[in-house]
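# Report on the structure
The primary structure of each chain is shown beneath.
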Amino acid sequence: MAGAEGDDSLYPIAVLIDELRNEDVQLRLNSIKKLSTIALALEVERTRTELLPFLTDTIYDEDEVLLALAEQLGSFTVLVGGPEFVHCLLPPLESLATVEETVVRDKAVESLRKISQEHSPVDLEVHFVPLVKRLASGDWFTSRTSACGLFSVCYPHVSSTVKAEIRQHFRTLCSDDTPMVRRAASSKLGEFAKVLELDYVKSDIIPLFTALASDEQDSVRLLAVESGVSIATLLPQEDLEDLVMPTLRQAAEDKSWRVRYMVADKFSELQKAVGPEITKNDLVPAFQNLLKDCEAEVRTAAANKVKVFCESLPEDSRETIIMTHILPCVKELVSDTNQHVKSALASVIMGLSTILGKDNTVEHLLPLFLVQLKDEYPEVRLNIISNLDCVNEVIGIRQLSQSLLPAIVELAEDAKWRVRLAIIEYMPLLAGQLGVEFFDEKLNSLCMAWLIDHVYAIREAATCNLMKLVEKFGAEWAQNTIVPKVLGMANDSNYLHRMTTLFCINALSEVCGQEITTKHMLPVVLKMSTDQVANVRFNVARCLQKIGPVLDSSALQAEVKPVLEKLATDQDMDVKYFALDAISVITLINGHAVYDSM
């Protein structure tokens, strides 16, 4: 590659190439990231004959450099002369697919899969398939694990003879001595099955699936579960019961909780794959067992699937199955010893009300919701509150207010301030679900009480909450309901509450608009400029600066500016600083207003 030094235009490229050899890892990494620039300058022929062999020879580098190289080569097709020459990229990627670091190998396989699409069927057989075979029969397990991810991309495009060889290689890897290789094969089994002809799925894949699902290593068995779900989608209904279900039933009762967890996690996909009959006969009892599993992680995964599982049950027997088989398990989970199980259930249980209807919800589900609303863990309570709208649709607001609302009010006054904070954050959502009349009757007083809470974070959140409520219910509602109460706090003996008035005005001016801000709020702010507490006075200056853009220019000139000028001569340094800052902003706003009217 020394020829690059004779040509001035190639000098920067020579520098980049030198950097590829540099001892400093960061310089080598930078150069690798600019590899496409080097290739463009060298042009396609020199990239093929000089750059790629050079890169192939230097694959003994730091992992981050190799990772960047593996990624770059995946989009190099154009730079080597297009699909006709894409096979030139295989040698460096083959070397990268055998290195020790997993992330590098994975990236190399990803790039190989990408460029396999650009090979012609002939090139696939001549260049790509031999690479896959070499990796599959390599001495090191690293190359054999990489091979597992490449079978499915070349299989559909090659001749039947080569297909038979590919299937044989995959079979061999599924029974490899090294667990890491069997794990890789197990994870790719479903993907490989999707490109095989149905007969071979039955004759080749099913025995491999059965073997891998009985492997001594649980990490192999759990990956086989995922592949089993994919395989189930490929088989006709009549073959599922004999070929797949015995293995999946066994997995649902596996001695390793990680395998049972995987079954629970993939349960809705499995349900979709096997259809209503097998679901009724096989999956309902399996799901019950997973909900009662001795390991909390498994119960959590199953609890997460309760709503989806129930929704997908056959319509004619859905209600009976839920009431007879699923609800008793759900009742137990509501008082589970593990908070993650209860939290997972709380995030989906409300959805059952739309499936079971009004009477069942009132009789069977409401008592469970109440238990969860009073749970010791905040997350459980919040998951119930955030899904109230599902229940509201089914049983109506009256029923909801009688049963659940007292529990919500109790939480809103909880001794732990973080619980109160979380309820405030859900208040706009609740307000939207319950409507303005109900909100005014039941929850308005709570929202106002939060404004004088002893914790600053609560007062701040309550201010933000008011703004969101006005966005929901409108400025007229604010003028009649919220604004008078907020302004009343300006006369409070506690200066912190007087400051909250200013913070509320800051937030409300944006959503209430010019008329309400000028007519109702501004006079109160101006009056507070003579407050005895300096903190209040400098917050008046900040407030006037904040609401300035909402006010009209005559109010700014006649009312706001004189007050700010007075505050700018205040004894307190902070008051003076914020007043001067506000004057400069207000002058700017006023200038724009005058300019716009010209």
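Predicted model only: the values in this text are computed from it and were never measured. (Residues numbered from 1 in each chain as written. Predicted model: local features only at pLDDT ≥ 70, side-chain atom pairs only at ≥ 80, totals over all residues. Heavy atoms only, no water.)

Our next topic: the overall build of the chain. For the chain, the helix and strand inventory stands at 35 helices and 0 strands. Radius of gyration (C-alpha) of the chain: 34 Å, far over the 25 Å computed for a compact globule of 598 residues. Dimensions along the principal axes, computed over C-alpha positions, put the chain at roughly 90 × 80 × 40 Å. Across the 598 residues that make up the chain, the buried fraction comes to 54%. Sequence separation of 24 or more characterises 68% of the internal contacts of the chain that already satisfy a separation of 6 or more. Put simply, the chain shows about 26900 Å² of open surface, and 51% of that area lies on carbon and sulfur atoms. With 57 positive and 86 negative side-chain charges, the chain shows a separation of 5 Å between the mean positions of the two kinds. (Helix = DSSP H or I, 4+ residues; strand = E, 2+ residues; numbered from the N terminus. Rg over C-alpha atoms; globule rule 2.2 N^0.38 Å. Buried < 20%, exposed > 50% of the residue type's maximum accessible area, 1.4 Å probe, protein only. Contact = heavy atoms within 4.5 Å. Areas by Shrake-Rupley, 256 points an atom, 1.4 Å probe, with all protein chains shown as cover. Lys, Arg positive; Asp, Glu negative; His and termini not counted. Charge placed at Lys NZ, Arg CZ, Asp CG, Glu CD.)

It is the contact of helix H30 (residues 475-488) with helix H32 (residues 514-527), at a shortest axis distance of 11 Å, that shows an interaxial angle of 5°. The orientation of H30 relative to H32 falls into the category roughly parallel. Between H30 and H32, the residues in contact are Ala475, Gln479, Val483 and Leu487 and Ile516, His520, Met521 and Val524, respectively. When its residues are assigned to classes, the contact of H30 with H32 shows 6 nonpolar, 2 polar and no charged. (Axes fitted to C-alpha atoms, helices over the stretch in contact; angles between N-to-C directions. Parallel < 35°, antiparallel > 145°, perpendicular 65-115°, else oblique. Nonpolar A, V, L, I, M, F, W, Y, C, P; charged D, E, K, R; others polar.)

Turning next to the environment of Lys358. Mapped onto the fold, Lys358 is located in helix H22 (residues 352-373). Using a relative accessible area of 45% as the deciding quantity, one classes Lys358 as partly exposed. Lys358 sits 264 residues away from Glu94 along the chain, and the two C-alpha atoms are 62 Å apart.

A few words on the environment of Cys504. Considering the arrangement of structural elements, one finds Cys504 in helix H31 (residues 495-512). Each C-alpha atom of the pair Cys504 and Cys543 lies 9.6 Å from the other, and the pair is 39 residues apart in sequence. Once you skip the residues sitting within four places of it in the chain, Cys504 turns out to touch Leu451, Thr463, Leu466 and Val486.

So, about the packing of aromatic side chains. This structure, assessed with the given rule, holds 11 aromatic pairs. The interplanar angle of 90° and the centroid separation of 5.4 Å between the aromatic rings of Phe151 and Phe170 together place this pair among those described as edge-to-face. Of this pair, Phe151 sits in helix H9 (residues 151-154) while Phe170 sits in helix H10 (residues 160-174), placing them 19 residues apart in sequence. With 5.6 Å between their ring centres and 85° between their planes, Tyr155 and Phe192 make a pair best called edge-to-face. Here Tyr155 is found in the loop between H9 and H10, whereas its partner Phe192 is found in helix H11 (residues 179-195), with 37 residues between them in sequence. (Phe/Tyr/Trp six-rings, centres within 6.5 Å; stacked < 30°, edge-to-face > 60°.)

On to the state of the cysteines. For the structure shown, the criterion picks out 0 disulfides. This cysteine, Cys88, is not joined by any disulfide, and Cys154 carries the nearest cysteine sulfur, 19 Å off. Lacking any disulfide linkage, Cys294 is separated from the closest cysteine sulfur, that of Cys329, by 15 Å. (Disulfide = S-S within 2.5 Å.)

By size, the foremost hydrophobic cluster in this structure holds 210 residues, and its most contacted members are Ile231, Val306, Ile349 and Leu544. A per-element tally of this core places helix H17 (residues 267-291) first, with 11 residues. Among all residues touching Ile231, those that are not within four sequence positions of it are Leu189, Gly190, Ala193, Val201, Ile205, Ile206, Phe209 and Val244. (Core = buried A, V, L, I, M, F, W, Y, C linked by side-chain atoms within 4.5 Å.)

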